[in-house]
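Working through the structure, step by step
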Amino acid sequence: MICPHCRTAIRVACQFIAFHMTNDQGQHAVAAYQCPECSGVIVDLVLGANPRAQGFLADPSQGFATTDSMTTIYPRSSSRPPAPPEVPRSYASDYNEAALILADSPKASAALSRRCLQHVLQRELNIKKNNLAQEIDEAIKHVPSHVGEGLDEVRRIGNFAAHPKKSEASGEILEVEPGEAEWSLDVLASLFDHVFVGPAKMRARKAALEAKLKPAGR
Ligand SMILES: [Zn+2]
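Now for a quick tour of the structure. (Residues numbered from 1 in each chain as written. Predicted model: local features only at pLDDT ≥ 70, side-chain atom pairs only at ≥ 80, totals over all residues. Heavy atoms only, no water.)

Considering the packing of helix H2 (residues 106-124) against helix H3 (residues 132-140)
It is at 10 Å that the axes of H2 and H3 come closest, and there the two elements cross at 50°. Between H2 and H3, the angle is such that the two are oblique. Where H2 crosses over H3, the two elements pack in a sense that is left-handed. Residues Arg114, Leu117, Gln118, Leu121 and Gln122 of H2 form the contact with H3, whose own contacting residues are Leu132, Glu135, Ile136 and Ala139. (Axes fitted to C-alpha atoms, helices over the stretch in contact; angles between N-to-C directions. Helix = DSSP H or I, 4+ residues; strand = E, 2+ residues; numbered from the N terminus. Parallel < 35°, antiparallel > 145°, perpendicular 65-115°, else oblique. Left-handed = near helix turned anticlockwise from the far one by under 90°. Contact = heavy atoms within 4.5 Å.)

So this is what it looks like as structure tokens:
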């Protein structure tokens, strides 16, 4: 499994506890793990039938004769991968939080994404206009076309024309249109790739090339 705390691939036994609680979903159990890398604790809710072992098990599927489902209930985690390591912390933390709350509050998620998007445009691309809609307009002229199309769609799908506050106060929590919060995250991810990840990879490749071309012994 991948530790949701530190994202390291780990192999670790779990402590499996089956409860005497059965309903139409099955019998309930929990499996808890501790990550050997970061000491973080992970808890899965396990649903199955016919318990056959408890205590420390190599794998929670050994706990029931038939296992129907396993869901990580702690820590809360997002179905999206976190922002890549090349992304500066302030932007990464807004993005990761927007991804984490996406299912519970698309409105709050979209507000965080809009604010993060505006900060990247203003601080990284030096685009400062009266509002986010105008900044997107300007950004489209400077980014690759696939990123620009995504940005344009943020305005369209979010219906900025009908909700001017989305543009004027980008972090304000306002009603969202279907798909708007997910789309805002997708576009942020592609902007991160263009602004941070791509250039960092190119620098690494150049450094590797220069190291190779350097005559030995110098
Ligand atoms: Zn860990």
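Structure shown, so let's carry the discussion forward.
Some details on the coordination of the zinc ion
Those protein atoms acting as donors to the zinc ion are Cys3 (SG), Cys6 (SG), Cys35 (SG) and Cys38 (SG), and they sit at 2.3 to 2.4 Å. Angles of 105 to 113° at the metal separate the four donor atoms of the zinc ion, which places the site in the tetrahedral class. Spacing between the donor residues of the zinc ion along the chain follows C-x2-C-x28-C-x2-C. Placement of Cys6 in the segment before strand E1 (14-23) and of Cys35 in the loop between strand E2 (26-34) and strand E3 (41-51) is noted, with a sequence separation of 29 residues between them. (Donors = N, O, S within 2.8 Å, 3.2 Å for Na, K, Ca; no water. Tetrahedral: all angles 85-135°; square planar, octahedral: opposite > 155°, others 65-115°.)

Section: the nonpolar core
Within the largest apolar cluster, 32 residues are counted, with the highest numbers of intra-cluster contacts made by Leu117, Leu151 and Phe192. For this core, the elements supplying multiple residues, two or more each, are helix H1 (89-100), H2, H3, helix H4 (145-157) and helix H6 (180-213). It is H6 that contributes the most residues to this core, eight residues altogether. If we skip the residues at most four places from it in the chain, Phe192 touches Ala83, Val87, Tyr91, Tyr95, Cys116, Val120 and Val197. Cys3, Ala18, Ala31 and Cys35 belong to the second-largest nonpolar core, a separate cluster that totals 13 residues. (Core = buried A, V, L, I, M, F, W, Y, C linked by side-chain atoms within 4.5 Å. Buried < 20%, exposed > 50% of the residue type's maximum accessible area, 1.4 Å probe, protein only.)

Describing the sheet that holds strand E5 (residues 64-74)
Within a sheet, each strand pairs with its neighbour through backbone hydrogen bonds, oriented either parallel or antiparallel. The strand order across the open sheet formed by five strands is E4-E1-E2-E3-E5, and the pairing between neighbours is antiparallel. Because the sheet does not close on itself, it has two edges, and the strands there are strand E4 (55-57) and E5. Averaged over all adjacent pairs, the angle separating strand axes in this sheet is 35°, with direction ignored. Pairing geometry for E3 and E5, over eight bridges, is antiparallel. Paired with Pro51 across the bridge in E5 is Phe64. (Pairing = 2+ DSSP bridges.)

Function-wise, these values are silent; they only describe arrangement.
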